[in-house]
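Fold and geometry: a report
Letter by letter, the chains look like this.
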Amino acid sequence: MTTGTEPRTGRGTRTGLVDLAVAHGRIHSDGWRPPAAGGTADTLEPATGQVLATVGVATPEDVGRAVTEAAAAQPAWAATAPTERAAVLRRAALALEEHTAEVVEWLVREGGAIRPKAQHEVGSVLDELWAAAALPTQPYGELLPDTPGRHSVARRLPLGVVGVISPWNFPLLLAVRALAPALALGNAVVLKPDLNTPVSGGHVIAALFERAGLPAGLLHVLPGDAAPGQALTGHPDVAMIAFTGSTAVGREVGSLAGGTLKRVSLELGGNNAYIVLDDADLDVAASAGAWGAFFHQGQVCMTAGRHIVLAAVADAYVDRLAQHADKLEVGDPWTAEPALGPLINDAQLRRVTGIVRDTVAAGARLRAGGTAEGRFHRPTVLSGVTPGMPAFTEEIFGPVAPVVVVADEAEAVAVANRTAYGLVAAVQTGSAERGLALAERLATGIVHINDQTIDDNAFVPFGGRGASGNGSRHGARQSWEEFTQWQWLTVRTTALASPF
């Protein structure tokens, strides 16, 4: 990785993974090439504003060309021996293992992640790659009952070209969790990473699969803004869009994709409830609540967005949560080892500070934090939050923990479900049975008992409902449902004459 004019040892050279000299101002589409309109963008370090790299910005014309090439390359890839497709995924994992330090550096500097978050993300991506490598050699069909003399089979076939639109908060993981199984199951992929993180969410992936020997034409990496995303979503030769991002943009993606009747996987936002019952261990609950609210500066769809606490323990919980917030260090994750790094950009900073300001103006009390220096926002605790306040109704995507006090379990459930979102909820309680009973009443795709809200891995059916998604699920077994389609096939040993 190079920064400014001073290259670091092993970064941006042929010995590293990402070669910035080759990729400078280019997109990856059957090799590194200038975008059609020649546009470029600088990727900046959120902590300092320093330019880290210059990338090509794709246009709709680039998308059209990539889709055409991907569609031409895909049939041969689908016909490739399953063991060969699996081997490509394994080699990509090995390449990531070899270059982990370099990739962690990109995630820290380009994405503002603290080092443990970046290391965890790389580990999760390795799980995704290994899980995807297992898919091609699994059974892909069923023998069905039929009349004598005819064989009836249901089999799963690739979709064709899959478009992946990925966000900036977990740029590597949230791209790979879709494109790896899609490729493993015989599809071609056109990836549009976010322009906030085009290297860690795009160039790194292109380099990994180049190292892995993926045949030409099967993976295109096209950083860009809304225009190439719209072109990808509306292209008639794209069979599926896997989108991870905001609910507002997800609605637009779903609407546009509907025009061509393509499959859509929407993994969207969340305003997640973290419920603390009156028999919970408050020290544990406050520690887990702080993690759930402040991890990666709150820039996670699974963040504990509303801390719903029974009145009997609310004051004690808020005191403990504020103590955690006050002691957490905020700083540049590249030059120090803080608990929180910077917000991704100035627009996100303005959003977070505005929601905090307006919520306090509406009557909430600031118990910790509430200040920012540059893009570094202090972890913030708000008490006295009620339904209707901005910090209750909106997905903040910042290090803010709004606390809502309720009288009992019934009110806790009602308040938790008082949102259009339905991604994840968590319950802290001294009785697992009590937590399980409450979980049955929560309208979310995921519930954790005696844990915090942030959790995911390659082996679970991850996804939400309502404004958090359209019911699609990411995960090893679920990848078959997402990235293939059923075909019913019958075979007669001898042709049968028809009655006419």
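Residues numbered from 1 in each chain as written. Predicted model: local features only at pLDDT ≥ 70, side-chain atom pairs only at ≥ 80, totals over all residues. Heavy atoms only, no water.

A closer look at the overall build of the chain
Rule in force here: Helix and strand definitions follow DSSP, with helices as H or I runs of at least four residues and strands as E runs of at least two, each counted in order from the N terminus. As a reference, a globule follows 2.2 Å times the number of residues to the power 0.38, and the radius of gyration itself is taken over C-alpha atoms. To sort residues, take the accessible area from a 1.4 Å probe on protein chains only and compare it with the maximum for the residue type: under 20% means buried, over 50% means exposed, and anything in between is partly exposed. We call two residues in contact when some of their heavy atoms are within 4.5 Å. In these tables, accessible area is a Shrake-Rupley quantity obtained with a 1.4 Å probe, and a residue counts as shielded only by the protein chains included in the view.
Along the chain, the regular secondary structure elements total 16 helices and 25 strands. In summary, the chain has a C-alpha radius of gyration of 24 Å against a globular reference of 23 Å for 500 residues, a match within 12%. Seen through its principal axes, the chain has C-alpha atoms that stretch 80 × 65 × 40 Å. The 500 residues of the chain split such that 57% are buried. Intrachain contacts of the chain at a sequence separation of at least 6 include 73% that bridge at least 24 residues. By element, 53% of the accessible surface of the chain is carried by carbon and sulfur atoms, the whole surface being about 19600 Å².

Details of the pattern of salt bridges
So the rule is basically this: What makes a salt bridge here is a side-chain nitrogen of Lys or Arg within 4 Å of a carboxyl oxygen of Asp or Glu, nothing more.
Summed over all chains, the structure comprises 14 salt bridges. Between arginine 156 and glutamate 481 there is a salt bridge, with its nearest N and O atoms 3.0 Å apart. Placement of the pair is arginine 156 in strand S8 (residues 150-158) and glutamate 481 in helix H16 (residues 479-483), with a sequence separation of 325 residues. Residue arginine 156 is classed as buried on the basis of its relative accessible area of 8%. The residue arginine 320 makes a salt bridge to aspartate 283 at a minimum N-O spacing of 2.8 Å. Taken as a pair, arginine 320 in helix H11 (residues 311-327) and aspartate 283 in helix H10 (residues 282-294) lie far apart in primary sequence, 37 residues in all.

Considerations on unusual backbone geometry
Glycine aside, the phi torsion of most residues is negative, and most peptide linkages are trans. Phi at aspartate 30 takes a positive value of approximately 55°, unusual for a residue other than glycine. According to the relative accessible area criterion, aspartate 30 is partly exposed, its value standing at 39%.

Remarks on the packing of aromatic side chains
So the rule is basically this: Between 30 and 60 degrees the pair is tilted, below 30 it is stacked and above 60 it is edge-to-face, where a pair is any two Phe, Tyr or Trp rings, Trp via its six-membered ring, whose centres lie within 6.5 Å.
Counting across every chain of the model gives three aromatic pairs. Here tryptophan 168 and phenylalanine 397 contribute two aromatic rings whose centre-to-centre distance is 5.7 Å and whose plane-to-plane angle is 85°, an arrangement assigned as edge-to-face. Of this pair, tryptophan 168 sits in the loop between strand S9 (161-165) and helix H6 (173-184) while phenylalanine 397 sits in the loop between helix H13 (390-393) and strand S20 (400-406), placing them 229 residues apart in sequence. No difference in accessibility class separates tryptophan 168 from phenylalanine 397, as the two residues are buried.

Observations regarding the pairing of strand S14 (residues 272-276)
Rules: Two strands pair under a simple rule: DSSP has to find at least two bridges between them. Crossover handedness is defined here as right-handed if the route from the first strand over the helix to the second strand goes clockwise, with the strands pointing away from the viewer.
Of all five residues in S14, five are buried, a share of seventy percent or more. Across the two faces of S14 the burial is the same, with Asn272, Tyr274 and Val276 and Ala273 and Ile275 all buried. As judged from the five bridges shared by S14 and strand S15 (residues 304-310), these two strands associate in the parallel manner. Residue valine 276 lies in a different strand from S15, and its bridge partner there is valine 309. Taking the sense of rotation as the criterion, the β-α-β connection linking S14, H10 and S15 turns out right-handed. In terms of strand pairing, S14 meets strand S22 (residues 424-428) through four bridges, oriented parallel. Pairing of tyrosine 274 across the sheet is with alanine 426, part of S22.

Quick notes on the sheet that holds S8
For the record, the criterion: Here an axis means a line fitted to C-alpha atoms, over the contact stretch when the element is a helix, while the angle between two N-to-C directions is reported on a 0 to 180 degree scale.
In spatial order, the strands read S7-S8-S25; together these three strands make up an open sheet with antiparallel pairing. One side of each edge strand has no neighbouring strand; the edge strands of this open sheet are strand S7 (141-144) and strand S25 (484-492). Across this sheet, the average inter-strand angle for adjacent strands is 20°, counted without regard to direction. With nine bridges connecting them, S8 and S25 associate as antiparallel partners. Its bridge partner lying in S25, arginine 155 is registered against glutamine 487.

Considering the sheet that holds S20
Strand order in the open sheet formed by seven strands is S16-S19-S20-S15-S14-S22-S23, with mixed pairing between adjacent strands. The two strands at the open ends of the sheet, each matched to only one other strand, are strand S16 (365-368) and strand S23 (446-449). Between one strand and the next, the sheet's axes are offset by a mean angle of 25°, whatever the strand orientation. In this fold H11 packs onto S14, S15, S16, strand S19 (380-383) and S20, with an angle of close to 140° to the strand it touches most, S15. Helix H15 (residues 432-439) rests against S14, S15, S22 and S23 of the sheet, and its axis sits at about 165° to S23.

Some thoughts on the confidence of the model for the chain
So the rule is basically this: Scored from 0 to 100, pLDDT reflects the predictor's confidence in each residue.
Averaged over the chain, the pLDDT score is 95; the fraction of residues at 70 or greater is 97%. Confidence over residues 1-14 falls short of pLDDT 50; this stretch has 38 contacts with residues more than four positions distant or in other chains.

Comments concerning the nonpolar core
Filter applied, for reference: Residues grouped as a nonpolar core are buried Ala, Val, Leu, Ile, Met, Phe, Trp, Tyr and Cys residues, joined through side-chain atoms within 4.5 Å.
In this structure, Leu129, Leu179, Val204, Ile205 and Phe209 are the most contacted members of the largest nonpolar core, which totals 93 residues. Looking at this core, the element that brings in the most residues is H6, giving 10 residues. With sequence-adjacent residues up to four places away left out, isoleucine 205 is seen in contact with Leu172, Ala175, Val176, Leu179, Leu191 and Leu219.

Quick look at helix H3 (residues 82-98)
Residues spaced three or four apart along an α-helix face the same direction, because each turn holds 3.6 residues. How we decide: Under the convention used throughout, the expected extent of a helix is 1.5 Å for every residue step, that is, one less than its residue count.
An ideal rise of 1.5 Å per residue puts 24 Å on 17 residues; H3 measures up with 25 Å between its terminal C-alpha atoms. Those residues of H3 that fall on the buried side of the exposure criterion are Arg85, Ala86, Ala87, Val88, Leu89, Ala92, Ala93, Ala95 and Leu96. Lining the buried residues of H3 we find helix H2 (60-78), helix H4 (100-111), helix H5 (115-133), H6 and helix H7 (199-212).

A look at the packing of H10 against H11
Selection rule: The labels follow the angle: roughly parallel below 35 degrees, roughly antiparallel above 145, roughly perpendicular from 65 to 115, and oblique for the rest. It is the rotation of the near helix from the far one that decides the hand of a crossing: anticlockwise by less than a right angle makes it left-handed, clockwise makes it right-handed. Amino acids are sorted into nonpolar (Ala, Val, Leu, Ile, Met, Phe, Trp, Tyr, Cys and Pro), charged (Asp, Glu, Lys and Arg) and polar (every other residue, Gly among them).
Two elements in contact, H10 and H11, have axes separated by 9 Å at closest approach and are oriented at 55°. If you check the angle between H10 and H11, you find them oblique. As H10 runs across H11, the sense of the crossing is right-handed. For the pair formed by H10 and H11, the contact residues are Leu282, Asp283, Ala285, Ala286, Ser287, Gly289, Ala290 and Phe294 on the first element and Val313, Ala316, Tyr317, Arg320, Leu321, His324 and Ala325 on the second. Of the residues that constitute the contact of H10 with H11, the class distribution is 10 nonpolar, three polar and two charged.

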